[in-house]
Amino acid sequence: MQQPLTPAEIVSELDKYIIGQKDAKRMVAIALRNRWRRQQVPEHLRDEIAPKNIIMIGPTGVGKTEIARRLARLAQSPFLKIEASKFTEVGYVGRDVESMIRDLTELAVSMVRSEEMEAVKVKAEEIAEEKLLDILLPPRRQAALPAASSEPEELEVAQMASSKADNTREKLRKLLRDGSLDDRYVEIDVPDRTLPMIEIFAGAGMDEMDYGLREMLGGMLPKRTKRRKVKIPEARELLIQEESQRLIDMERVIKSAIERVEHSGIIFLDEIDKIAGRESGKGPDVSREGVQRDLLPIVEGSTVTTKYGMVRTDHILFIASGAFHIAKPADLIPELQGRFPIRVELRSLNKDDFVRILKEPENALILQYQALLETEEVELVFEDEAIDEIAEIAFQVNSRTENIGARRLHTIMEKLLSDISFNAPDLRGRTIRITRDYVRDTLQEIIRDEDLSRYIL
């Protein structure tokens, strides 16, 4: 594993994709770096250092989820993003809160397994190549070698036959590596992963049963294989996968994965404001406080049973986020509030932010549309005045209707370029300039009609 990023480097990486929100980036960067710092302190103190969980507060479309998505790529540790509104109190239909720890463990096992398979890939490729050669040139049945007392002529014939077979195999190996045999089909045996169809209808806390029962039946039934006829490149990949699985030690993979979850796992709890608030006593809100109570032991630290073993949650970092339009963080039960000591507010986006979002990030919207139309050999050029006008319109619509942040730019850009995107196959070889006048002509009629703009933009 490579050297962890410093907080400044983490913020710098986030800046490539997310405009503004400096405070949120700094807090997330510190929390992520603290994951690594805790591993460096003496062992007797390590267990005493609890993660400083974070709540990000801000309207939709300002970058909360995007920060989480980008953090997942930088974390180099098991990372799960999940909506808090998916959970319900035990006794109601829905997912139980412990399922997120099981999901995180599953992700960690996949991550470690992939790393281990990569480590044995060279060996697996060698074995797969030999198996392919055996299929292309089945080894001749070994006849008993002539005894030492046999005639010299018999010994010489046997040695020549063996040498000829070796030469043929080496020629085939060269053709195989050159790709000259890629169009040939071979038959190989692959594991038959088909299991009996089982459907279970149950309430909260039972969502693991269906999968667990399938796993159990899969272990009890004899391993079956089926014969497939595939081209050589696909056969090589299937054989490499099969050999890699055989070469890795799954017990070590599972042990390492559980350690990663317990010491460096991160869970992003989105929409936590949807479970804030006191009981109404009836209707869809009845289990809100119950979900908070169920979440509390997971966030505080408890032991969760997974199919890979027991997983402790004491040192998993939780980052929660919510718009908190109606509810407030203070509406969460006091015990849960206390488990999220760091709170950071993300501000609403203004016109200048929209201009930067359109132009600066490495995945900027304008770059995305230009790349899409380049596939049709259409060059799309945006003038600065046009970008300014798009940002102004996005800001106006957000001010007059629901404020959905940067997501408004997606809607406006799609409407602005709909005719060009539709006619692009007939515009091959053309350069199209998007000017301020083009933006106004295309969108101003919709902007003026407030009722229409609510539906279209």
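Look a little higher up for the structure.
Attention here is on the structure that accompanies the text. (Residues numbered from 1 in each chain as written. Predicted model: local features only at pLDDT ≥ 70, side-chain atom pairs only at ≥ 80, totals over all residues. Heavy atoms only, no water.)

Section: the sheet that holds strand E5 (residues 266-270)
- Spatially, five strands are ordered E2-E5-E8-E1-E9 in an open sheet, and the strand pairing comes out parallel. Looking at which strands have only one partner, the edges of the open sheet turn out to be strand E2 (79-83) and strand E9 (342-345). Within the sheet, the average angular offset between the axes of one strand and its neighbour, ignoring direction, is 15 degrees.
- Where E5 lies against strand E8 (residues 317-322), four bridges are found, and the strand directions are parallel. Counted as the bridge partner of Phe268 is Ile319 from E8.
- Packing against the sheet, helix H4 (residues 64-75) makes contact with strand E1 (54-57), E2, E5 and E8, and its axis sits at approximately 170 degrees to E5. (Pairing = 2+ DSSP bridges. Helix = DSSP H or I, 4+ residues; strand = E, 2+ residues; numbered from the N terminus. Axes fitted to C-alpha atoms, helices over the stretch in contact; angles between N-to-C directions. Contact = heavy atoms within 4.5 Å.)

Some details on the layout of surface pockets
- Approximately 670 Å³ is the volume found for the second largest pocket.
- What lines the second largest pocket is a set of 30 residues, and nearest its centre among them are Gly61, Gly63, Glu66, Ala406 and Arg407.
- Taken together, the elements giving at least two residues each to the lining of the second largest pocket come down to H4, E8, helix H14 (365-374) and helix H16 (407-416).
- Per-element tally for the lining of the second largest pocket: the top contributor is H4, with four residues.
- In the lining of the second largest pocket, the residues fall into 11 nonpolar, 10 polar and nine charged. (1 Å grid on protein atoms, 1.4 Å probe; cavity = no way out; pocket = protein on both sides within 12 Å on 5 of 7 lines; lining within 4 Å. Points joined across faces, edges and corners; volume = space filled by probe spheres on them. Nonpolar A, V, L, I, M, F, W, Y, C, P; charged D, E, K, R; others polar.)

Here's the deal with helix H13 (residues 351-359)
- Where H13 is concerned, the buried positions are Asp353, Phe354, Val355, Ile357 and Leu358.
- Residues of H13 that are buried in the fold lie against H14, helix H15 (384-400) and H16.
- Between a side-chain oxygen at the N-terminus of H13 and the backbone nitrogen of Asp352 the separation is 3.2 Å; the capping residue is Asn350. (Buried < 20%, exposed > 50% of the residue type's maximum accessible area, 1.4 Å probe, protein only. Polar contact = N/O pair within 3.5 Å; in protein donor to acceptor, adjacent residues only side chain to side chain.)

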